[in-house]
Amino acid sequence: MAEGIVMKKPDVHHANPLARTLLNKLDYDQLTNCMRCGFCLPACPTFRETGLEPESPRGRIALMKAVADGLMDPDQAFQDQMNHCLGCRACEPACPADVKYGQLIEQARDAIEDHAEHSLPVKGLRKIMFEGVFPSRSKLKLLGGSMRLYQKSGLQKLARGTGIMKLFPRHLREMEAILPESTSKGVVEQLGTFYPAKGEPIARVALFRGCIMDVMFAGTNVNTVKLLSEAGFDVVIPETQVCCGALHAHSGEMDGARGLARTNVAAFQSAGVDYIASNAGGCGALLVEYDHLLGEDDDPQVREAASWFASRVKDVSQLIVEKGRIPAFAELASEAEHGTVTYQDSCHLRNVMKSSSAPRQLMKSVEGVSYVEMKEADRCCGSAGIYNVTQPEMAGQILAHKMAHAANTQARYMLTSNPGCLLQMKHGIKKHKPPFKMEAMHIVDYLHERIAASSGDASKKR
Ligand code: SF4
Ligand code: SF4
């Protein structure tokens, strides 16, 4: 469509209440921007798995537009198609018309959620998690502490040994088996709110610590700060920051996501930083789009602050490669014979934050290590937030293909840049058992460990 022409929403009276909400929330301009070329189809994991048009980006956009135009009602099949989408956004870079598919699917899910009739337990759980736990640091710490107690007190062993876990669906049991050690001591409790640069500071960076990240992967947050310091950045960790809102946005809780975004924008602006570092692709992808998320906020100051925020967000690898001093990394002594590394892209990091070369550059800079590119490393691994829990069948199919490619690399380490992908890779290794030793790690942990190796300190690490 010619630039500058805005398509008016159709003047249709929808008898169906969900259809009215969809017409109201969907960006009709974006719907009409799709010219049905189909270039996005080969990039879409759900289309590749099924070969079905409604399971493709073009098909889903056509469904949304048909509802908006009053040609069909948003029945259960329509809602299922919206839920089958991984939200990986691999369709966006493939699209010559620059259709903002990610925004459309979030708008559709937001509308569906407005009319969802959840059972009482689901309603209660969503309220507890979205309104109680994710936005509250103190509740997250409590969650981390409780999980640690479960893991360390013997309760976890007891639950597994007595077979209680068998009462849960198989995919939940499988995910429970690979949960990392949790903690109530996040990065601030471990390092404080400021960590100085090693050598002359290049810039001042604020760490986005995340919600679940700081409970289940607090060690990675700590290593991120130390890695940034090694790369020449003064690091601050604003204490009043909260969850990014990505889980809310992907689950149709857009108002909740906007509330969290406003809190974060204020917290980071008052820290007066040059950059904001993210070490989780799923969080970073929403953070770089805060300007869009808060683009219709009533307060012009909030809109301006959101643009300030979004323009400063970078993935930790991007930040080190583009703005920092790349530290010296070296293989561990124990890896002399088998230290090959491969990498699974985080979809959001690659497709939204546009960071795919920086992590590879860092991995290739580790002295003595060979990097091998995995076939289709740019394809989703099936994790996609909580997709592997809500759509276990499709997630399992996608993961099986991924692990076949992983096995072909013969790599000792499978690195990722997102906690969800990391857990999915751990799950994949456990389930598909490559015929050699393979370990999944966050790229930050891997690199941090190899700084010590480079300074001749390797033996104490492994
Ligand atoms: S976001 Fe991913 S799964 Fe969804 S339509 Fe686009 S490519 Fe397909
Ligand atoms: S590539 Fe873009 S324009 Fe073409 S069908 Fe897909 S979404 Fe529509």
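Presented here is a report on the structure given in the accompanying data block. This one's a predicted model, so the numbers in the text were calculated from it and none came from an experiment.

Focus on the overall build of the protein
Here's step 1: Within the protein, the regular secondary structure consists of 25 helices and 10 strands.
Here's step 2: For the protein, the C-alpha radius of gyration of 22 Å lies close to 23 Å, the compact-globule estimate for 462 residues.
Here's step 3: Projected onto its principal axes, the C-alpha positions of the protein cover 70 × 50 × 45 Å.
Here's step 4: Among the 462 residues that make up the protein, the fraction classed as buried is 55%.
Here's step 5: Considering only contacts within the protein whose residues lie at least 6 apart along the sequence, 77% involve residues at least 24 apart.
Here's step 6: Taking the 54 positively charged and 53 negatively charged side chains of the protein as two groups, their mean positions are separated by 6 Å.

Some words on the site of ligand 2
Here's step 1: Around ligand 2, the structure places C34, M35, R36, C37, G38, F39, C40, R58, I61, C95, P96 and A97.
Here's step 2: Taken together, the residues of the shell around ligand 2 sort by class into nine nonpolar, one polar and two charged.

What about the site of ligand 1?
Here's step 1: Looking at ligand 1, there are 13 residues lining it, with C44, C85, C88, R89 and C91 nearest.
Here's step 2: Looking at the shell around ligand 1, the elements with two or more residues in it are α3 (45–50) and α4 (57–68).
Here's step 3: Among the residues forming the shell around ligand 1, the class breakdown is nine nonpolar, two polar and two charged.

What to know about the packing of aromatic side chains
Here's step 1: Applying the stated criterion across every chain, the model contains five aromatic pairs.
Here's step 2: By the ring-pair criterion, three or more aromatic residues cluster together here, those being F208, F268, Y290 and F309.

Looking at the pairing of strand β2 (residues 203–208)
Here's step 1: When you tally the buried positions in β2, you get five out of six residues, the bulk of the element.
Here's step 2: Where β2 lies against strand β3 (residues 233–236), four bridges are found, and the strand directions are parallel. By the bridge assignment for β3, V205 is matched with V235.

Describing unusual backbone geometry
Here's step 1: A positive phi angle, near 55 degrees, is found at K354, a position not held by glycine.
Here's step 2: Looking at where K354 falls in the secondary structure, it is placed in the loop between α20 (347–351) and α21 (357–364).
Here's step 3: On the basis of relative accessible area, K354 is assigned to the exposed category, the value being 56%.
Here's step 4: With a phi angle near 55 degrees, E376 is a residue other than glycine that sits in the positive phi range.
Here's step 5: Judged by its relative accessible area of 25%, E376 is partly exposed.

Some words on the sheet that holds strand β10 (residues 439–442)
Here's step 1: One open sheet accounts for three strands, arranged β7-β9-β10; its pairing is parallel. One side of each edge strand has no neighbouring strand; the edge strands of this open sheet are β7 (341–343) and β10. Going from strand to strand, the sheet's axes swing by 30 degrees on average, the running direction of each strand aside.
Here's step 2: As paired elements, strand β9 (residues 413–416) and β10 share four bridges and run parallel to each other. Residue pairing for β10: M414 is matched across the bridge by A440.
Here's step 3: Together, β9 and β10 form the strand contacts of helix α24 (residues 419–432), whose direction differs from that of β10 by roughly 175 degrees.

Section: α24
Here's step 1: For α24, with 14 residues, the first-to-last C-alpha span of 20 Å sits near the 20 Å given by 1.5 Å per residue.
Here's step 2: Of the positions making up α24, those classed as buried are P419, C421, L422, L423, Q424, M425, H427, G428 and I429.
Here's step 3: Downstream of α24 by a residue or two, K433 has a phi angle that is positive, lying close to 45 degrees.

Observations regarding the environment of N264
Here's step 1: With respect to the secondary-structure elements, N264 resides in helix α15 (residues 254–269).
Here's step 2: Along the chain, N264 and A407 lie 143 residues apart, while their C-alpha atoms are 40 Å from each other.
Here's step 3: The contacts of N264, once residues within four sequence positions are left out, are F208, Q241, V242, C243, C244, Y290 and F309.
Here's step 4: Of note is the side chain of N264, whose polar atom sits 3.1 Å from the side chain of Y290.

As for the sheet that holds β3
Here's step 1: Read across the open sheet, the five strands follow the order β1-β3-β2-β4-β5; overall the sheet is mixed. Unpaired on one side and paired on the other, β1 (194–195) and β5 (313–315) mark the two borders of the sheet.
Here's step 2: When β1 meets β3, the two strands line up antiparallel, connected through two bridges. What sits directly across from Y195, in β3, is V235.
Here's step 3: Packing against the sheet, helix α18 (residues 300–312) makes contact with β4 (275–278) and β5, and its axis sits at approximately 20 degrees to β5.

How each quantity is defined
Starting afresh in each chain, residues are numbered from 1 along the sequence in its written order. Chains and ligands are labelled by the order in which they are written, letters from A for the one and numbers from 1 for the other. Thresholds applied to this predicted model are a pLDDT of at least 70 for local features of residues and 80 or more for the giving and counting of side-chain atom pairs; totals over whole chains, interfaces and linings are not thresholded and use all residues. Water and hydrogen atoms were dropped before computing side-chain values, which therefore reflect all heavy atoms in the structure. Per the convention used, a helix needs a DSSP run of H or I reaching at least four residues, while a strand needs a run of E reaching at least two, with both numbered from the N terminus. We take the radius of gyration over the C-alpha atoms and set the globule estimate at 2.2 Å times the residue count to the 0.38 power. Buried means the residue's accessible area, taken with a 1.4 Å probe over protein chains only, is under 20% of the maximum for its type, while exposed means over 50%, and partly exposed covers the values in between. Should any heavy atoms of two residues lie within 4.5 Å, those residues are counted as being in contact. For the purpose of charge, His is not counted, nor are the chain termini; Lys and Arg are scored as positive and Asp and Glu as negative. To locate a charge, the coordinates of NZ of Lys, CZ of Arg, CG of Asp or CD of Glu are taken. Being near a molecule or strand, for a residue, comes down to having at least one heavy atom within 4 Å of it. Under the scheme applied here, ten amino acids are nonpolar (Ala, Val, Leu, Ile, Met, Phe, Trp, Tyr, Cys and Pro), four are charged (Asp, Glu, Lys and Arg), and all others, including Gly, are polar. Think of it this way: a Phe, Tyr or Trp ring, Trp meaning its six-membered ring, pairs with another when their centres are within 6.5 Å, and the plane angle makes it stacked under 30 degrees, edge-to-face over 60, tilted otherwise. Whether two strands pair comes down to DSSP finding at least two bridges between them. Note on geometry: axes are lines fitted to C-alpha atoms, helical ones only across the stretch in contact, with angles between N-to-C directions running from 0 to 180 degrees. Here, expected helix span is obtained from the residue count minus one, scaled by 1.5 Å. Counted as a polar contact is a pair of N or O atoms within 3.5 Å, where, for protein atoms, one must be capable of donating a hydrogen and the other of accepting one, and residues adjacent in sequence contribute only when both atoms are in side chains.

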